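What the coordinates show
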Amino acid sequence: MGPFEMLSGKQWELLECFAALESGEGEVPSAERVERMLEALWLHVRLTERHVQPLVVRVEGHARALQEAEVLLTLHELMAELECFPRGSPEWFARLGAMEDAALAHVRSLELQLFPRLASALAAHEQADLVRALAATRETLWMEMRRTRRAFRAVPELEMPVQ
């Protein structure tokens, strides 16, 4: 499996996390599902920043890399804002919807535009190196998230009562 197939699989897992949040019309998703989605999104954003962005600069140029960086920054900001609002509040749902829209557009852009061009620009040994680097970075980020309790937990006092 090449690096871009590996990333694609993880991206679709992320989108499945978003789909799992849509448990019902107006229902507040469980804290565990939200945490799972936020962890997956955080890992995706960090892997993209560390490994995909340098390739975008190399293959597509600085202007295209800047566009992707702006999307990643937006996702960072939405993750932070989501944690500021009580779970289930209108503001919280607005951030969640914006985050899902931004993540979906980002994934589609990577899948349809960038990954094919990046794959064709990399030599076989570069792709093999990227697979190893992605796996190592993912493991490091996962351990960092666990060690620092970076996990995105719902703060009980900020949760809205279920009505």
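Residues numbered from 1 in each chain as written. Predicted model: local features only at pLDDT ≥ 70, side-chain atom pairs only at ≥ 80, totals over all residues. Heavy atoms only, no water.

**Some points on the overall build of the protein chain**
The cut-off we apply is this: Helical segments are the DSSP runs of H or I of at least four residues, strand segments are the runs of E of at least two, and each set is numbered from the N terminus. Using the Shrake-Rupley algorithm and a 1.4 Å probe, accessible areas are obtained, with residue cover drawn only from the displayed protein chains.
On a plain count of helices and strands, the protein chain comes out with 5 helices and 0 strands. Seen in sequence order, the protein chain has helices and strands lined up from the N terminus as α-α-α-α-α. With the model as given, the accessible surface of the protein chain reaches about 8900 Å², and the carbon-plus-sulfur share is 56%.

**Remarks on the side chain of Q127**
The line we're drawing: Between N or O atoms, a polar contact is any pair within 3.5 Å; within protein, one atom must be a potential hydrogen donor and the other a potential acceptor, and residues adjacent in sequence are included only when both atoms are from side chains. A contact between two residues is defined here by any heavy atoms of the two lying within 4.5 Å.
By secondary structure assignment, the location of Q127 is in helix α5 (residues 124-147). Here the side chain of Q127 touches A119 through a polar contact of 2.9 Å, landing on its backbone oxygen. Once residues lying within four places of it in the same chain are set aside, the contact partners of Q127 are P3, A119 and L122.

**Here we look at helix α1 (residues 3-21)**
The test is simple: The length a helix should cover is 1.5 Å for every residue beyond the first. The cut-offs for exposure are 20% and 50% of the maximum accessible area for each residue type, with area from a 1.4 Å probe on protein chains only; residues under the lower value are buried, those over the upper are exposed, and the others partly exposed.
Over its 19 residues, α1 extends 28 Å from the first C-alpha to the last, a length consistent with the 27 Å expected when each residue adds 1.5 Å. Within the sequence span of α1, burial applies to P3, F4, M6, L7, S8, Q11, L14, L15, C17, F18 and L21. Those residues of α1 that are buried are in contact with α2 (31-60), α4 (90-121) and α5.

**As for the packing of α2 against α5**
Quick note on the threshold: Each axis is a line fitted through C-alpha atoms, and for a helix only the stretch in contact is used; angles between axes span 0 to 180 degrees, taken between their N-to-C directions. For a crossing to be left-handed, the near helix must be turned anticlockwise from the far one by less than a right angle; the clockwise case is right-handed.
It is the contact of α2 with α5, at a shortest axis distance of 11 Å, that shows an interaxial angle of 145°. The way α2 lies across α5 gives a crossing that is right-handed. In this structure, α2 uses E35, E39, W42, L43, R46, L47, R50, H51, L55 and R58 to contact α5, whose residues at the interface are E126, L130, A133, L134, T137, R138, L141, W142, E144, M145 and R146.

**Comments concerning the nonpolar core**
Put simply, the rule reads: The nonpolar core is taken to be a set of buried Ala, Val, Leu, Ile, Met, Phe, Trp, Tyr and Cys residues, with the residues joined through side-chain atoms within 4.5 Å.
In terms of nonpolar packing, the biggest core is built from 40 residues, with F4, F18, M37, L41, L82, M99 and L118 touching the most fellow members. Residue assignment for this core shows that the elements contributing at least two residues are α1, α2, α3 (62-84), α4 and α5. For this core, the element with the highest residue contribution is α2, accounting for 11 residues. Excluding residues within four positions of it along the chain, F18 makes contact with M37, L41, M99, E100 and A103.

**Notes on the packing of α2 against α4**
What counts is decided by this rule: Think of it as three bins: nonpolar holds Ala, Val, Leu, Ile, Met, Phe, Trp, Tyr, Cys and Pro, charged holds Asp, Glu, Lys and Arg, and polar takes everything else, Gly as well.
Relative orientation of the contacting elements α2 and α4 amounts to 35°, with a least axis distance of 11 Å. Here α2 runs over α4; the crossing is left-handed. Contacts between α2 and α4 pair V34, M37, L38, L41, H44, T48, V52, L55, V56, R58, V59 and E60 from the former with W92, L96, M99, A103, H106, L110, L114, F115, R117, L118 and A121 from the latter. When grouped by side-chain class, the residues that make up the contact of α2 with α4 number 17 nonpolar, 3 polar and 3 charged.

**Description of the environment of L21**
Relative to the assigned elements, L21 resides in helix α1. For the pair formed by L21 and E32, sequence separation is 11 residues and the distance between their alpha carbons is 9.8 Å.

**Remarks on the pattern of salt bridges**
Here is the rule: A pair is scored as a salt bridge if a Lys or Arg side-chain nitrogen falls within 4 Å of a carboxyl oxygen belonging to Asp or Glu.
According to the stated counting rule, one finds 7 salt bridges in the structure shown. Across the pair R117 and E60 runs a salt bridge, and its minimum N-O distance is 2.8 Å. Separated by 57 residues along the polypeptide, R117 in helix α4 and E60 in helix α2 bring together distant segments of the chain. Residue classification places R117 among the partly exposed positions, given a relative accessible area of 35%.

**Re the packing of aromatic side chains**
Test applied: Aromatic rings from Phe, Tyr and Trp, with only the six-membered ring used for Trp, were paired whenever their centres fell within 6.5 Å, and each pair was classed as stacked if the ring planes differed by under 30 degrees, edge-to-face if by over 60, and tilted otherwise.
All chains considered together, the criterion is met by 2 aromatic pairs. Ring geometry for F4 and F115: centres 5.2 Å apart, planes at 45°, overall tilted. With F4 in helix α1 and F115 in helix α4, this pair connects stretches of sequence that are 111 residues apart. Classification of F4 as buried rests on a relative accessible area of 5%. By relative accessible area, F115 is classed as buried at 5%.

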